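Residue-level structure breakdown
Okay, here's what each chain looks like letter by letter:
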Amino acid sequence: QVQLVESGGGLVQPGGSLSLSCAASGTIFSINAMAWYRQAPGKQRELVASITSDSITNYADSVKGRFTISRDSAKNTVALQMNSLKPEDTAVYYCNAEIRRYRNWQRAGAYWGQGTQVTVSS
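What you see is a predicted model; the values in this text were computed from it and never measured.

**Thoughts on the nonpolar core**
- Ranked by size, the top nonpolar core spans 30 residues in total, and within it Trp36, Leu80, Met82 and Tyr93 carry the most contacts.
- Elements with a contribution of two residues or more to this core: strand 1 (2–7), strand 3 (18–26), strand 4 (30–39), strand 5 (46–52), strand 7 (67–72), strand 8 (77–82), strand 9 (91–100) and strand 11 (116–120).
- By residue number, the principal contributor to this core is strand 9, which donates 5 residues.

Here it is in structure tokens:
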């Protein structure tokens, strides 16, 4: 079993900050990459930020300079520090991980968390 659990969502005013965290647990050999996605009502799920095992990061243009993704490989966790939040950041944020479960398995599978709600409103 592999489980991803997000935490840290909530209500924040525009311009405020929020930090999300995601922890992966279960049978895990290695994690190639971890990412945060978000989905607002009526919209498709979009990539917010990702980070590879080599700590290479990628951000959506809409969050560059405001969000920071980081990971702790030893703990199989990934965090998203969100600053200068805007109403358009309101969405359910999902944790995603590319996980190789066993040493003898050549490919990694994609796993998702249950999502955590982030609401930016005055």
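**Here's the deal with the sheet that holds strand 7**
- Pairing in this open sheet of 4 strands is antiparallel, and the strands run 1-3-8-7 from one edge to the other. On the outer flanks of this sheet lie strand 1 and strand 7, each paired with one strand and no other. Taking each pair of neighbouring strands and ignoring which way they run, the sheet shows an average axis angle of 15°.
- Both strand 1 and strand 3 contribute to a ladder of 6 bridges, which runs antiparallel.

**Section: the state of the cysteines**
- Going through the model one piece at a time under the given rule, you end up with 1 disulfide.
- Disulfide partner of Cys22: Cys95, at an S-S distance of 2.1 Å. Taking the torsion about the sulfur-sulfur bond, which here is approximately -85°, the covalent link between Cys22 and Cys95 counts as left-handed. Residue Cys22 is found in strand 3, and its partner Cys95 is found in strand 9; the two are separated by 73 residues along the sequence.
- Using a relative accessible area of 0% as the deciding quantity, one classes Cys95 as buried.

Calculation rules
- Residues numbered from 1 in each chain as written.
- Predicted model: local features only at pLDDT ≥ 70, side-chain atom pairs only at ≥ 80, totals over all residues.
- Heavy atoms only, no water.
- Core = buried A, V, L, I, M, F, W, Y, C linked by side-chain atoms within 4.5 Å.
- Buried < 20%, exposed > 50% of the residue type's maximum accessible area, 1.4 Å probe, protein only.
- Helix = DSSP H or I, 4+ residues; strand = E, 2+ residues; numbered from the N terminus.
- Pairing = 2+ DSSP bridges.
- Axes fitted to C-alpha atoms, helices over the stretch in contact; angles between N-to-C directions.
- Disulfide = S-S within 2.5 Å.

Purely geometric stuff here, so don't read any function into it on its own.
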